[in-house]
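Here is what each chain is made of, one letter per residue.
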Amino acid sequence: MRRTKVFHMAMGQRTHEQQAVMWVAVRDLPQSVSHPFYEKLNRLLAEYRFDDFVETQCRPFYAEKMGRPSLAPGQYFRLLLLGYFEGLDSERGIAWRAADSSGVRGFLGLLLTEAAPDHSTISRTRRLIDLDTHRAVFTWVLQCLGIAGLVKGKTIAMDATTLEANAALRSIVRRDTGESYHEFLTKLAQASGIETPTRADLGKLDRKRQNKGSNKDWAHPYDPDARIAKMKDGRTHLAHKAEHAVDLETGAIVAVTLQEADQGDTTTMQITLPEALEQLEAVAAITDDQVRTGEELVTDKGYHSKQTVLDVQSLGLRTYISEPDRGRQHWIDQHAERAAVYANRRRIRSERGKQLMRRRGELLERPNAHLYDTGGMRRTHLRGHGNILKRLLVHVAACNLGLWMRTLTGIGTPRGLQAVALAIFFTLWVFLRNQVTARRPRGLNLRLFTIPSHRLAPMQCIM
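Below: a short report on this structure. The shown structure was predicted, so the numbers you read here are calculated from the model rather than taken from an experiment.

**Topic: the overall build of the protein**
A tally of helices and strands in the protein yields 17 helices and 10 strands. Taking all 463 residues of the protein together, 44% fall into the buried category. Sequence separation of at least 24 residues holds for 68% of the intrachain contacts in the protein that already meet a minimum separation of 6. As displayed, the protein has an accessible area near 26,200 Å², and 51% of this comes from carbon and sulfur atoms.

**A closer look at helix 8 (residues 181-191)**
By the burial criterion, the buried members of helix 8 are Tyr181, Phe184, Leu185, Thr186 and Ala189. Of the surrounding secondary structure, the elements contacted by the buried residues of helix 8 are strand 4 (173-174), helix 9 (199-207) and strand 5 (218-219). Following helix 8 by one or two positions, Gly193 adopts a phi angle in the positive range, close to 110°.

**Brief notes about the side chain of Asp247**
Of note, Asp247 is situated in strand 7 (residues 236-247). At 3.1 Å, the side chain of Asp247 and the backbone nitrogen of Glu249 are in polar contact. Apart from the residues within four sequence positions on either side, Asp247 is in contact with Val151, Lys152, Gly153, Thr155, Ala252 and Val254.

**Describing the pairing of strand 9 (residues 296-299)**
Consecutive residues of a regular strand have side chains that alternate between opposite faces of the sheet. Along strand 9, one buried face is formed by Glu296 and Val298 and the opposite face, lined by Leu297 and Thr299, is buried too. The pairing of strand 3 (residues 155-164) with strand 9 spans 3 bridges and is classified as parallel. When the sheet's bridge partners are listed, Ala157 is paired in strand 9 with Val298. With 4 bridges connecting them, strand 9 and strand 10 (residues 318-321) associate as parallel partners. Considered in strand 10, the bridge of Val298 is made with Tyr320.

**Digging into unusual backbone geometry**
If you check the backbone angles, Arg49 has positive phi at about 60° while not being a glycine. Relative to the helices and strands, Arg49 resides in the loop between helix 1 (36-47) and helix 2 (50-58). Of note in this structure, Asp333 is not a glycine but carries a positive phi near 60°. Relative accessible area serves as the criterion here: at 70%, Asp333 is assigned to the exposed category.

**Focus on the environment of Arg235**
Here Arg235 shows up in the loop between strand 6 (227-230) and strand 7. The class for Arg235 is partly exposed, based on a relative accessible area of 45%. Beyond its immediate stretch of four places on either side in the chain, Arg235 contacts Glu164, Ala229 and Lys230.

**Observations regarding the side chain of Glu164**
Residue placement: Glu164 occurs in strand 3. Side chain to side chain, Glu164 and Arg379 meet in a polar contact 2.9 Å long. Those residues in contact with Glu164 that lie beyond four places of it in its chain are Met231, Arg235, His237, Leu238, Ala239, Arg378, Arg379 and Thr380.

**A word on the nonpolar core**
The nonpolar side chains of a soluble globular protein tend to be buried with one another. Core analysis: the largest hydrophobic core is formed by 97 residues, its most contacted members being Phe85 and Leu392. Beyond its immediate stretch of four places on either side in the chain, Phe85 contacts Phe37, Tyr38, Leu41, Ala398, Leu401, Gly402, Gly412, Thr413, Pro414 and Arg415. Ranked by size, the runner-up nonpolar core spans 12 residues in total, among them Ala165, Ala189, Leu202 and Ala226.

**Points about the pattern of salt bridges**
Any two side chains of opposite charge can pair, on the condition that their charged atoms come close. Under the definition given, this model contains 20 salt bridges. Where Arg126 meets Glu91, a salt bridge forms, and the shortest distance between an N and an O atom there is 2.7 Å. In this pair, Arg126 sits in helix 6 (residues 119-128) while Glu91 sits in helix 4 (residues 91-100), placing the two residues 35 residues apart along the sequence. The class of Glu91 is buried, set by a relative accessible area of 7%.

**Describing the packing of aromatic side chains**
Taken as a whole and assessed by the stated rule, the structure comprises 12 aromatic pairs. Ring plane angle 35° and centroid distance 4.8 Å describe the contact between Tyr38 and Phe107, whose orientation is recorded as tilted. Of the two residues, Tyr38 sits in helix 1 while Phe107 sits in helix 5 (residues 102-108), which places them 69 residues apart along the sequence. When sorted by exposure, Tyr38 lands in the same class as Phe107, which is buried. When the centroid spacing of 5.4 Å and the interplanar angle of 85° are considered together, the rings of Phe184 and Trp218 count as edge-to-face. Taken as a pair, Phe184 in helix 8 and Trp218 in strand 5 lie far apart in primary sequence, 34 residues in all. Its relative accessible area of 2% is what places Trp218 among the buried residues. One aromatic cluster is present, built from ring pairs that chain together Phe37, Tyr38, Tyr84, Phe85 and Phe107. When the ring centre of Trp331 is taken as origin, the NZ or CZ atom of Lys306, which lies over that ring, is 4.5 Å away.

Cut-offs used in this document
- Residues numbered from 1 in each chain as written.
- Predicted model: local features only at pLDDT ≥ 70, side-chain atom pairs only at ≥ 80, totals over all residues.
- Heavy atoms only, no water.
- Helix = DSSP H or I, 4+ residues; strand = E, 2+ residues; numbered from the N terminus.
- Buried < 20%, exposed > 50% of the residue type's maximum accessible area, 1.4 Å probe, protein only.
- Contact = heavy atoms within 4.5 Å.
- Areas by Shrake-Rupley, 256 points an atom, 1.4 Å probe, with all protein chains shown as cover.
- Polar contact = N/O pair within 3.5 Å; in protein donor to acceptor, adjacent residues only side chain to side chain.
- Pairing = 2+ DSSP bridges.
- Core = buried A, V, L, I, M, F, W, Y, C linked by side-chain atoms within 4.5 Å.
- Salt bridge = Lys/Arg side-chain N within 4 Å of Asp/Glu carboxyl O.
- Phe/Tyr/Trp six-rings, centres within 6.5 Å; stacked < 30°, edge-to-face > 60°.
- Lys NZ or Arg CZ within 6 Å of the ring centre and 35° of its normal.

Structure follows, in structure tokens:
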């Protein structure tokens with residue numbers, strides 16, 4: 001039996017050496033209290049039989065007995081949900097968090113003697129389960145929200161954002177010849193008379209070129225779905241475009257699609273809007289038609305065009321699309337388009353239209369911040385739209401679960417408990433200070449009950 005050194009500490013000094021025991025009963029191991037958020041979420045998923053649903057959906061992808069032990073479907077989808085709740089951007093980070101926290105292990109249903117799955121097991125399971133199954137899990141969560149009354153379906157709002165791709169701009173190659181960017185610039189410099197161009201010569205030559213970042217000419221050899229695009233902060237990266245459809249009455253995300261970053265909003269909405277209507281029909285089928293299947297569409301200026309407004313109107317939806325200032329329009333042989341655009345203009349100028357625009361600013365930008373900034377998916381660590389969309393669908397489903405949890409408990413994420421504790425402290429501090437102020441004798445100094453302004457600002461934001 002191998003001898004293991006165990007030192008006991010007394011007053012900062014090692015006292016004696018003791019041999020570790022060889023066997024430890026599981027009941028003797030110390031157990032920490034599970035996280036209250038994950039405990040409540042697990043009870044909610046168990047009430048609606050989440051594990052039975054995903055096991056039924058994933059049964060075709062599992063063999064009866066073959067190879068190494070696999071990751072259970074319930075644990076796999078919980079791991080992806082964990083990426084949103086903990087703000088983890090990669091599957092490797094999810095695996096580390098699962099191995100590090102006993103509260104997370106309880107959420108995953110891991111026994112004390114079980115090891116947490118590593119990132120390769122998560123990646124292998126993601127490749128094994130197809131995209132339609134991930135979409136079915138998203139639909140299941142949305143149907144649960146419909147049963148809970150958190151999906152109305154009357155007013156849909158749409159917006160898009162860019163996700164940084166797992167690819168570097170310096171690695172792009174020409175679509176026609178396959179040569180790299182450096183090789184292409186070197187040939188241009190030699191053709192202009194510079195036999196041995198330096199790095200400064202190449203940079204000077206590149207600055208003067210027009211349309212040097214065209215997606216028609218350049219592509220990434222290992223991530224062909226990524227496109228050269230400008231990010232929200234103004235930087236240029238290879239990126240993808242994620243587009244969402246949100247229920248404007250409740251804030252629930254009813255659809256999400258992933259498309260090329262160089263496509264315009266009027267093009268991408270032709271895929272996202274039918275997907276949103278299909279999801280609403282699936283929810284309405286379970287809730288006995290208590291959920292409507294889309295009556296109004298609210299978007300920003302990027303979605304406005306004559307043909308788009310007419311197409312949406314032909315689907316039976318009233319449009320509230322912000323109209324850019326394009327000057328005087330010409331309507332030669334476009335009577336139907338003119339009627340649709342003028343009707344949309346009257347609606348956005350009405351009181352109802354102004355109210356929806358204010359609500360769009362409140363509820364439509366919030367999911368982007370929750371999903372990608374605090375949720376940790378602004379940069380993707382996967383390649384290919386199929387792989388990224390699998391992770392994104394469950395990520396958005398976790399956001400919808402957070403909305404559901406917020407209505408039940410007032411907390412939408414595990415980290416939200418920290419803000420609640422600080423808000424309670426600030427409320428008690430205000431109450432005590434008011435009591436002392438009302439009863440203080442004349443001339444009493446209240447500096448002991450004063451919080452500095454730099455500490456007060458975050459509390460005011462929380463309240």
